[in-house]
Amino acid sequence: MSADSGGRGPYERHAAAIEAETDRLAEAARKAGPDAPVPTCPGWTMTKLVKHVGIIQRWAEHIVRERVQRRISPREVPVTLPGDTDGYPDWLADGARTLAATLRAVEPGDAVWTWAPGGNARFWARRMLHEAAVHRADAEIAHGGEPRFDADLATDGVEELLANLAGAPGVLERLAALDDAGRTLHLHATDAEGGEWMITLGSEGFTWTHGHGKGDVAVRGAAGDLLLLVYGRLAPAGGRFEIFGDRDLLTRWLEATPI
């Protein structure tokens, strides 16, 4: 499930996984009910979660289909919402199928606007996959489930986040304010080949590379758990991770990098 650097194979798998992950989200939403609170998205109900994902997917679909070349807001894309909250899961799944079909109808390298590095349809296939996967976990947690991830998908999700963080509003400013330049974090997915990253903080943000190393703080855990950690869905404490070194540095990083 790694990023597609050429050809259609991984790109097509991303498109298919968008549908699969969104179907799982929709099913979790049906089980939880429209008014169920979503603990990992404080203040949100299940309906708000489903509405958010459905609108974001339709925004991405519009960008790819129309080959949009400028920054646009999701509010600029007309969306028809279901008349009843019970209809939201089916509405969500329908939007994911349309998005996947649109992605399949274009070339991965077709130029479109993206909010982080990429500038092509390939960016949106990967971004919408991990948007759906993380929010699917939110929905499963909301009805008492235990989210499970394919290790390759989760590893790609961690890497995609690192690749996009510099484009997320406020992240570089928050990291620069930490005054931790030169300090390092090591993330290690214990169940996925190639699932190791070294993050080095700088005066204006951070850099990252693949590979093993001794960081000022190191975190070891399953790839799916690491994905939920970097997205703020799991706390470092609680027994899911082995953590070595400066735990406060890890806390500061996590607090500075929500998207």
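The text that follows walks through the structure, step by step, so that each part is easy to find.

Cut-offs applied
Residues numbered from 1 in each chain as written. Predicted model: local features only at pLDDT ≥ 70, side-chain atom pairs only at ≥ 80, totals over all residues. Heavy atoms only, no water. Buried < 20%, exposed > 50% of the residue type's maximum accessible area, 1.4 Å probe, protein only. Helix = DSSP H or I, 4+ residues; strand = E, 2+ residues; numbered from the N terminus. Contact = heavy atoms within 4.5 Å. Pairing = 2+ DSSP bridges. Axes fitted to C-alpha atoms, helices over the stretch in contact; angles between N-to-C directions. Expected span 1.5 Å × (residues − 1). Polar contact = N/O pair within 3.5 Å; in protein donor to acceptor, adjacent residues only side chain to side chain. Salt bridge = Lys/Arg side-chain N within 4 Å of Asp/Glu carboxyl O.

Some points on helix H7 (residues 223-230)
Here comes step 1: Taking burial as the measure, the eight residues of H7 include eight buried ones, the bulk of the element.
Here comes step 2: Taken as a whole, H7 has its buried residues at Ala223, Gly224, Asp225, Leu226, Leu227, Leu228, Leu229 and Val230.
Here comes step 3: In this fold, the buried residues of H7 make contact with helix H4 (121-142), helix H5 (151-164), strand S1 (184-189), strand S2 (196-202), strand S4 (217-221) and helix H8 (247-256).
Here comes step 4: Of the residues trailing H7, Gly232 is marked for its positive phi of about 75 degrees.

Thoughts on the sheet that holds strand S3 (residues 205-210)
Here comes step 1: Spatially, five strands are ordered S3-S2-S1-S4-S5 in an open sheet, and the strand pairing comes out mixed. Of all strands in the sheet, those with a lone pairing partner are S3 and strand S5 (242-245), marking the two edges. This sheet shows a mean twist of 15 degrees between the axes of neighbouring strands, independent of strand direction.
Here comes step 2: For S1 and S2, the ladder comprises five bridges, and the chain directions are antiparallel. Note that in S2 the partner of Thr184 across the bridge is Thr200.

Thoughts on the environment of Asp152
Here comes step 1: On the secondary structure map, Asp152 appears in helix H5.
Here comes step 2: Judged by relative accessible area, which is 45%, Asp152 ranks as partly exposed.
Here comes step 3: Distance from Asp152 to Gly194, taken between C-alpha atoms, is 9.4 Å for residues 42 residues apart in sequence.

Examining H4
Here comes step 1: The terminal C-alpha atoms of H4 lie 32 Å apart, and with 22 residues this matches the ideal 32 Å at 1.5 Å per residue to within 8%.
Here comes step 2: The distance from a side-chain oxygen at the start of H4 to the backbone nitrogen of Arg122 is 3.2 Å, and the residue carrying that oxygen is Asn120.

So, unusual backbone geometry
Here comes step 1: Located in the positive-phi region is Arg67, a residue other than glycine, with phi close to 50 degrees.
Here comes step 2: Note that Arg67 resides in the loop between helix H2 (46-65) and helix H3 (88-104).
Here comes step 3: By relative accessible area, which is 36% here, Arg67 ends up partly exposed.
Here comes step 4: Positive phi values are uncommon outside glycine, yet Asp179 reaches one of about 60 degrees.
Here comes step 5: In this fold, Asp179 is placed in the loop between helix H6 (171-176) and S1.

Side note on the pairing of S2
Here comes step 1: The element S2 is largely enclosed, with a buried count of five among its seven residues.
Here comes step 2: Counting the residues that bridge the hairpin from S1 to S2 gives six residues, and of these Gly194 lies at a positive phi of roughly 80 degrees.
Here comes step 3: For S2 and S3, the ladder comprises six bridges, and the chain directions are antiparallel. Along S3, the bridge assignment pairs Thr200 with Thr207.
Here comes step 4: Linking two consecutive strands that pair antiparallel, namely S2 and S3, is a turn of two residues.

Points about the pattern of salt bridges
Here comes step 1: Applying the stated criterion across every chain, the model contains 26 salt bridges.
Here comes step 2: A salt bridge links Glu19 to Arg104; its shortest N-O distance comes to 2.9 Å. Residue Glu19 is found in helix H1 (residues 9-32), and its partner Arg104 is found in helix H3; the two are separated by 85 residues along the sequence.
Here comes step 3: A relative accessible area of 19% means that Glu19 is categorised as buried.
Here comes step 4: Here Arg65 ties to Glu66 by a salt bridge, and the two come within 2.6 Å at their closest N and O atoms.
Here comes step 5: The partly exposed category is assigned to Arg65, whose relative accessible area is 40%.
Here comes step 6: Salt bridges here are not isolated pairs; linked through shared partners, they connect Arg8, Glu12, Glu19, Arg104 and Glu107.

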